[in-house]
Amino acid sequence: RPAPFRAPPGMSLLAAAAVVGTAAFVAALLERRRRDPGKKLLVVVIDVLLWPLQVLRVGWYAKDVPSVDTIFSLATRAAGTADYGLDMRWLERYRLALSPEALLGARVSPGAHLVGHVTVAKRFELKLRMRAFLKRHPAVVGVPLERPVFVVGLTRTGTTLLSRLLQQHTQLRAHYVWEQVNPIPHTHSEEPMDLAADRQRRYKEASKRLGLLLPLMNDSFKAIHEIGVDEPEECTMPCGMSMPWDLLTLPQILALREKLQEFGARDAYSEYRKFLQLLSWQVGERAEGNVRRWLLKCPFHISFIDDLLEEFPDATLIWTHRDPAECVVSSCSLFHELRKFFFDYNSINVQELGRLVLEYSNAELTRMSDTLKSKKIRHMNVHYKDLVRDPKATVKAVWDFAGLPCDAQQEAKLDEYLEENARRRAAMSKGKSTLHAYKAEDYGLSSAAIRDTMAAYINEYNVGLNEKLT
């Protein structure tokens, strides 16, 4: 039995307490570092410092998960208005996503508890600020959005690669991370020069905000999903005003897919249309003929493709396909990394995660296929193998399908991007066997079991299989 600590002669009680406190802090830090080895040291320090609040259930930590009611109040105070509108389905979706049943026993870490309150509150605040701005500038919702191009498919099927290649066309535009973080003009002037200056200010603000968040994210997550202030980003953040697609709540959709279907997503896509109109309006693209077509992508649209097409009936739909033995396991890794950022590692059931990802993938692909066939929706299938083998030919085929001309200028721009992308990826993978490593066995799966479960999809769409996986 260790002897009790006794202060050496001459050491004050305060100094002794400092020594004991420092020793306890270091011990707790080392223990958390051992349990959560992939987390940034700064995140582990924050977890240790905030852990007493979680244990004592002080303030925001009164509940095991971030409180939707607290987040609601934070957003309302920050926006200075409570005008959320009459349709409150968005709030019920978030209540579901932050319910204990959706967490599957995982524990929100102390630091993530704080970050979760802030990030979700920002989604709610954005909803309020956008409603207020549109009331003062009703002309925004009159901006025409013609034939947007949506790239959809399961996560890890090449949607990002294809979107960034397609974006090289001068008649297409995407929304960037900074625009999603800080999209609402601070000025009410409608003059182009004032709006341009305002965009510069908001860009700097967004850069500072991201500069605080990105260093906290695991390197392993950033290797899977590249995030940067100037990078094009998918629809999850703006749609997160109404859908539980915030980084904290996104992994929970796996366990909630049937319940979320009961709400539909038409309200979310109606709001998303206004978001796109606002971005076009503020750069002076306001009248028919001078508004570039939107290029948008998000893997989670496949669950609500009918609602999306009701709101965007003239959309050009591109569906990406990849061997499920690859993309399902890669999706497991993506969701796992998201969970590791917000939850204590040793509370995450990776076997259950693998089962849910497989069930979700098979169910939503079946839903997507049934919707497209029953409603005879025009779309183009793009296979990952074709995209990787001959990206230029694949992109030109998609441009043609979307009614976009491919002249010498467009082709030269595409060639330049392909060369630069090849150099960048070669530099990233230097000394590594792969940019993103994962194994089916890590999640209680196997290539054979995945392909057997999704055999109907593989056969119907003639999905090419990776012969290296057995």
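None of these values were measured; they are calculated from a predicted model. (Residues numbered from 1 in each chain as written. Predicted model: local features only at pLDDT ≥ 70, side-chain atom pairs only at ≥ 80, totals over all residues. Heavy atoms only, no water.)

1. Some words on the side chain of Arg322
Then comes step 1: Assignment of secondary structure puts Arg322 in the loop between strand S4 (316–321) and helix H15 (324–342).
Then comes step 2: Of note is the side chain of Arg322, whose polar atom sits 2.7 Å from the backbone oxygen of Arg156.
Then comes step 3: Beyond its immediate sequence surroundings of up to four residues, Arg322 is in contact with Arg156, Thr157, Cys327, Tyr384, Tyr438, Tyr457 and Val463. (Helix = DSSP H or I, 4+ residues; strand = E, 2+ residues; numbered from the N terminus. Polar contact = N/O pair within 3.5 Å; in protein donor to acceptor, adjacent residues only side chain to side chain. Contact = heavy atoms within 4.5 Å.)

2. Thoughts on the nonpolar core
Then comes step 1: In this structure, Phe124, Phe150, Trp245, Tyr269, Tyr272, Phe312 and Leu317 are the most contacted members of the largest nonpolar core, which totals 110 residues.
Then comes step 2: Ranked by residue count, the leading element in this core is helix H6 (residues 110–136), at 10 residues.
Then comes step 3: The residues contacting Leu317, other than those within four sequence positions of it, are Phe150, Val152, Ile305, Leu309, Met368, Leu372, Ile377, Arg378, His379, Met380 and Phe401.
Then comes step 4: Core analysis: the next-biggest nonpolar cluster, separate from the first, contains 19 residues, Val149, Met380, Val382 and Trp399 among them. (Core = buried A, V, L, I, M, F, W, Y, C linked by side-chain atoms within 4.5 Å. Buried < 20%, exposed > 50% of the residue type's maximum accessible area, 1.4 Å probe, protein only.)

3. Structural notes on the state of the cysteines
Then comes step 1: Tallied over the full model, the rule gives 0 disulfides.
Then comes step 2: Note on Cys298: no disulfide assigned, nearest cysteine sulfur contributed by Cys235 at a separation of 5.3 Å.
Then comes step 3: The structure places no disulfide on Cys332, whose sulfur is separated from the nearest cysteine sulfur, that of Cys327, by 9.8 Å. (Disulfide = S-S within 2.5 Å.)

4. Points about the packing of aromatic side chains
Then comes step 1: On inspection of all chains with the given rule, the structure shows 16 aromatic pairs.
Then comes step 2: Centroid distance Phe150 to Phe312: 5.3 Å. Interplanar angle 55 degrees. Geometry classified as tilted. Here Phe150 is found in strand S1 (residues 149–152), whereas its partner Phe312 is found in the loop between helix H14 (305–311) and S4, with 162 residues between them in sequence.
Then comes step 3: An aromatic cluster is defined as three or more aromatic residues linked by ring pairs; in this entry it consists of Phe72, Tyr84, Trp90, Tyr94 and Phe124.
Then comes step 4: A cation sits over an aromatic face here: Arg322 above Tyr384, 4.0 Å from the ring centre. (Phe/Tyr/Trp six-rings, centres within 6.5 Å; stacked < 30°, edge-to-face > 60°. Lys NZ or Arg CZ within 6 Å of the ring centre and 35° of its normal.)

5. Thoughts on the pattern of salt bridges
Then comes step 1: On inspection of all chains with the given rule, the structure shows 43 salt bridges.
Then comes step 2: Lys396 serves as the salt-bridge partner of Glu411, at 3.6 Å between the closest nitrogen and oxygen. Placement of Glu411 in helix H19 (residues 408–428) and of Lys396 in helix H18 (residues 391–401) is noted, with a sequence separation of 15 residues between them.
Then comes step 3: Through salt bridges with shared partners, a single network forms among Arg32, Arg35, Asp36, Lys39, Asp47, Arg107 and Asp344. (Salt bridge = Lys/Arg side-chain N within 4 Å of Asp/Glu carboxyl O.)

6. Structural notes on helix H1 (residues 13–35)
Then comes step 1: Helix length check: H1 (23 residues) gives 33 Å between terminal C-alpha atoms against 33 Å at 1.5 Å per residue, within 8%.
Then comes step 2: Of all the residues in H1, the buried ones are Ala16, Leu29 and Arg32.
Then comes step 3: Among the structural elements, helix H2 (41–56) and H6 are those in contact with the buried residues of H1. (Expected span 1.5 Å × (residues − 1).)

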